[in-house]
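Each chain, letter by letter, is given below.
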Amino acid sequence: QVQLVESGGGLVQAGDSLRLSCAASGRTFSSYTMGWFRQTPGKEREFVAGINRNGGIIRYADSVKGRFTISRDNAKNTVYLQMNSLKPEDTAVYYCAADSSQFVIPRPTVWNYWGQGTQVTVSS
């Protein structure tokens, strides 16, 4: 069991940067693959980025490649999402997720644990 708490969302202008953090409870954080997803009203939750247990496998959605960076600090039980060059279309609720798989799977249905979400709003 792991509990996830996101932070760092907010209202920014296009071109600005934000860093989201996700703090995980428990002593087994390093055994989980971690990911970020986002969702807007009326749309399905979509994969943004994921990082496996030791950081050796990282995947990004095409829409964020080159702008977003996922990282993790296993000593701090925290995963980060650095978001640069933000666009209005990045506006969404961002969710942190954890999965016991050793792979990064972009389908939200396979992830076991979810945070409550943090709102990111990018104005034009």
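Before any of the text, the structure's been laid out above.
Thresholds, definitions, all that
- Residues numbered from 1 in each chain as written.
- Predicted model: local features only at pLDDT ≥ 70, side-chain atom pairs only at ≥ 80, totals over all residues.
- Heavy atoms only, no water.
- Buried < 20%, exposed > 50% of the residue type's maximum accessible area, 1.4 Å probe, protein only.
- Phe/Tyr/Trp six-rings, centres within 6.5 Å; stacked < 30°, edge-to-face > 60°.
- Lys NZ or Arg CZ within 6 Å of the ring centre and 35° of its normal.
- Disulfide = S-S within 2.5 Å.
- Helix = DSSP H or I, 4+ residues; strand = E, 2+ residues; numbered from the N terminus.
- Salt bridge = Lys/Arg side-chain N within 4 Å of Asp/Glu carboxyl O.

Colleague: Would you mind showing me how to read unusual backbone geometry here?
Modeller: Glycine aside, residues mostly have negative phi, and peptide bonds are mostly found in the trans state. The backbone phi angle of Asn77 is positive, close to 55°, even though this residue is not glycine. Positive phi, normally seen in glycine, also occurs at Ser85, with a value near 50°. Given the relative accessible area of 41%, Ser85 is considered partly exposed.

Colleague: Is there a simple way to think about the packing of aromatic side chains in this case?
Modeller: Each aromatic ring pair is summarised here by two numbers: the centre-to-centre distance and the angle between the ring planes. Under the criterion given, the structure shown has five aromatic pairs. The rings of Phe37, Phe47, Tyr95, Trp111 and Trp114 are connected pair by pair, giving a single aromatic cluster. In this structure, Arg45 is placed above the aromatic ring of Trp114, and the distance from its NZ or CZ to the ring centre is 4.7 Å. The ring of Phe29 carries the charged tip of Arg72 above its face, separated from the ring centre by 4.5 Å.

Colleague: For this particular structure, what's the right way to read the state of the cysteines?
Modeller: Each disulfide consists of one covalent bond between the sulfur atoms belonging to two cysteines. Evaluated as defined, the whole model comprises one disulfide. Shown here is the disulfide that connects Cys22 with Cys96, its sulfur atoms set 2.1 Å apart. Looking along the S-S bond of the Cys22-Cys96 disulfide, the torsion reads about -80°, which is the left-handed sense. On the criterion of sequence distance, the pair formed by Cys22 in strand S3 (residues 18-24) and Cys96 in strand S9 (residues 92-99) is long-range, its members being 74 residues apart. As far as burial versus exposure is concerned, Cys22 and Cys96 are alike and both buried.

Colleague: Just checking my understanding: could you explain the pattern of salt bridges for this structure?
Modeller: Pairs can form between side chains of opposite charge once their charged atoms are near each other. A full pass over the atoms with the stated rule returns four salt bridges. For Arg38, the salt bridge identified is with Asp90, shortest N-O distance 2.9 Å. With Arg38 in strand S4 (residues 33-39) and Asp90 in the loop between strand S8 (78-83) and S9, the pair connects residues that are 52 residues apart, well separated along the chain. Both residues of the pair, Arg38 and Asp90, belong to the buried class. Residue Asp62 is joined to Lys65 by a salt bridge in which the shortest nitrogen-to-oxygen separation is 3.2 Å. For Asp62, a relative accessible area of 66% corresponds to the exposed category. A single salt-bridge network, built from bridges that share partners, covers Arg38, Glu46, Arg67 and Asp90.

Remember, this is a structural readout, not a statement about activity or role.
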